[in-house]
Amino acid sequence: MRAVLGRLLRLVTSRWALTAVLAGMAAVAGSFAAAGLTEDFAFTPVSSVVVQYTPGVIINTTLDTFGNYGQYINMAFTLGVTTALFVGVSGAALAVGRLVDPDRLRGARIPMVGLAAWGMAVFLTGAPLLSVGAGAAAAAVVILVDRPWHDELSVKSGGRWPDEDRRAVLQTSAGVVGFAGASYFLGSYRTPQQEFPELDVVSGVGISEPEELLNEAEEKSFDIPDSPDLVSQIGSFYTVDIATVAPRINADSWELDVTGSVDSELTISYDELTDMDADHRFSTLRCVGEELNARKMDNAVWTGVPASRLSEQAGASGNHVAMRADDDYWNVVPREVFEQAYIIYGMNGNVLPREHGHPVRVIVPGHWGETNVKWLQEIEFLEEDTQGYWEERGWDGTGEVCGVAKIWATTETGSGHHARRPRSRRHRRRPGCRDIARRRRELAGDRDHRAALGRR
Ligand SMILES: Nc1nc2c(c(=O)[nH]1)N[C@H]1C(S)=C(S)[C@@H](COP(=O)(O)O)O[C@H]1N2
Ligand SMILES: [Mo]
């Protein structure tokens, strides 16, 4: 047993293993430097797989134990898996390279590790050009560790002694740490900045109506420090996603499929959708996983088309409706709930931002956040009810939102503290709401859940 452990330890701390680890880390950093936080960063596709295959028990246990920090654990785990993939291929390439070039004098391992890391990045992201970042960084690590210009048989180069090997690995480690830091800034710079073009520029929808609603909301908002306005600004509106990186979907190639129990299936383009008569209305979103007095509740002016128009046009007959999204998220609502929903492409007079579901999402007024599917791709009418993404994981969130009072501002007076409650939002307390909340607690405990998977 001891002998086995000893050998394992020697293997893990061997030059080969250390070089592979350094190359793998550099590859991930190089990938981020080249691609930024986009789908072309090797981390992103790994994250989708992790999110998809993590069992609900593990998600819920993580959330119960770590609460809001769960999202960092999720990110760290995904980063670990991504790095491990690059360490694996680098290690294999190093081992094969050793056979070809045992003296490390011909530098054969450099292109081999570079190619292996590049190949892994292309395999993950499908982006050959941006994957060069990963390949080049991994190759650079091998250059620094192997130093093929050192000839141990030559008097001139001073030989290659074990000490020097150790120093090379140490220096390279420092280099990788520095490179990772620099990559962080490079990648952040490469991450596309969110733009908020106005709605009329893109879709030809007039923005005077949303503007009127926004003005009305502003006039009615209280001027209390720390209490938000009645409408939340884009950028401070909360987001909750199962994915770490919001999908990037081109509105021009986007299509909505209307399928299932229908007389005729429909395929609707962005232009067709935005050409229909638009409605503008306030609607508040609140995440079912919101903790007491937390801020996962915001209100906006949404622009879009009543969902009922699509079910009419398709001649729909099912009693349930599944809404499916690009990130493999989905939710199922009763038919009568769907008929009250909106197919949305505008938010606060702007084109719907990427984080909130660009180009098109669903807004189901008065229903928990999770029914409001973003990055909508398919509407399927069903005869039978089935579970949605979060319901499969033990959450019940397709009911009506409970009314809440929050204390977000207090005033100090001579006689003590006074809580100030901002004007309540659009929610009204509805009968049955308590039952839903209780059932939810029974099902899953009272903790924040998907917030842990959400960003920000
Ligand atoms: N496609 C997709 N839609 C989604 C989600 C998601 O992860 N993917 N999260 C849901 C949850 S849990 C909430 S609370 C709301 C949040 O909407 P927002 O991010 O625009 O505030 O989106 C819902 N729609
Ligand atoms: Mo949510």
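Here the structure is shown first, and the text comes after it.
Residues numbered from 1 in each chain as written. Chains lettered and ligands numbered in written order. Predicted model: local features only at pLDDT ≥ 70, side-chain atom pairs only at ≥ 80, totals over all residues. Heavy atoms only, no water.

(A) Representation of the overall build of the protein in the model. The helix and strand inventory of the protein stands at 15 helices and 12 strands. In the protein, buried positions account for 52% of the 456 residues. Pairs at least 24 residues apart make up 74% of the contacts formed inside the protein by residues separated by at least 6 positions. Here the protein has roughly 22600 Å² of accessible surface; of this, 55% comes from carbon and sulfur atoms. (Helix = DSSP H or I, 4+ residues; strand = E, 2+ residues; numbered from the N terminus. Buried < 20%, exposed > 50% of the residue type's maximum accessible area, 1.4 Å probe, protein only. Contact = heavy atoms within 4.5 Å. Areas by Shrake-Rupley, 256 points an atom, 1.4 Å probe, with all protein chains shown as cover.)

(B) How the structure looks around the site of ligand 1. As a matter of local geometry, ligand 1 sits amid 20 residues, with Tyr 238, Asp 327, His 356, Arg 361 and Lys 374 nearest to it. Take Tyr 238: an N or O atom from its main chain is 2.7 Å from an oxygen atom of ligand 1. One of the backbone N or O atoms of Ile 242 is found 2.8 Å from an oxygen atom in ligand 1. In isolation ligand 1 offers 530 Å² of accessible surface; the protein chains occlude 100% of this area. Because more than half of its atoms lie within 2 Å of the grid, ligand 1 is assigned to the largest cavity. When its residues are assigned to classes, the shell around ligand 1 shows 10 nonpolar, 4 polar and 6 charged. (Near = heavy atom within 4 Å. Polar contact = N/O pair within 3.5 Å; in protein donor to acceptor, adjacent residues only side chain to side chain. 1 Å grid on protein atoms, 1.4 Å probe; cavity = no way out; pocket = protein on both sides within 12 Å on 5 of 7 lines; lining within 4 Å. Sits in = over half its atoms within 2 Å of the grid points. Nonpolar A, V, L, I, M, F, W, Y, C, P; charged D, E, K, R; others polar.)

(C) Focus on unusual backbone geometry. Across the junction of His 358 and Pro 359, the peptide omega takes the value 5°, indicating a cis bond. Structurally, Pro 359 can be placed in the loop between strand E8 (350-351) and strand E9 (361-363). Despite not being glycine, Asp 328 has its phi angle at roughly 70°, a positive value. Following the sequence through the fold, Asp 328 ends up in the loop between strand E5 (320-325) and strand E6 (330-334). The phi dihedral of Trp 375 is positive, around 45°, even though this residue is not glycine.

(D) Main features of the pattern of salt bridges. One pass over the full model with this rule turns up 8 salt bridges. Arg 324 is the salt-bridge partner of Glu 380, the closest N and O atoms lying 2.5 Å from each other. Separated by 56 residues along the polypeptide, Glu 380 in strand E10 (residues 376-382) and Arg 324 in strand E5 bring together distant segments of the chain. (Salt bridge = Lys/Arg side-chain N within 4 Å of Asp/Glu carboxyl O.)

(E) Layout of a nonpolar patch on the surface. Side chains of Met 1, Leu 5, Leu 8, Leu 11, Val 12 and Trp 16 sit close together on the surface and give an oily, nonpolar patch of about 650 Å² of accessible area. It is helix H1 (residues 2-12) that contributes the most residues to the nonpolar patch, 4 residues altogether. (Patch = residues over 30% accessible without salt bridge, like charges linked within 9 Å, V, L, I, M, F, W, Y side chains within 5 Å.)

(F) Broad picture of helix H10 (residues 208-220). Helix length check: H10 (13 residues) gives 18 Å between terminal C-alpha atoms against 18 Å at 1.5 Å per residue, within 8%. For H10, the set of buried residues is Pro 210, Leu 213 and Ala 217. Along the axis of H10, the buried residues cluster in a sector spanning 60°; they form a single face. Counted as exposed and oriented over 90 degrees from the buried face of H10: Glu 212, Glu 218 and Glu 219. (Expected span 1.5 Å × (residues − 1). Arc of directions from axis to C-beta.)

(G) Highlighting empty space enclosed by the protein. In the structure shown here, the tally under the stated rule is 5 cavities of 30 Å³ or more. Looking at the largest cavity, its volume works out to about 260 Å³. Taken together, 21 residues form the lining of the largest cavity, with Val 240, Asp 241, Gly 369, Asn 372 and Lys 374 sitting closest to its centre. Across the lining of the largest cavity, the residue classes tally to 11 nonpolar, 4 polar and 6 charged. (Points joined across faces, edges and corners; volume = space filled by probe spheres on them.)

(H) Looking closely at the environment of Gly 403. Mapped onto the elements, Gly 403 comes out in the loop between helix H14 (389-392) and strand E11 (409-413). Along the primary structure Gly 403 and Gly 366 are separated by 37 residues, whereas in three dimensions their C-alpha atoms are 9.8 Å apart.

(I) Up close: the environment of Val 177. Along the chain, Val 177 falls in helix H8 (residues 162-190). Separated by 151 residues in sequence, Val 177 and Ala 26 place their C-alpha atoms 8.5 Å apart.

So far we have only geometry, and geometry alone does not tell us how the molecule works.
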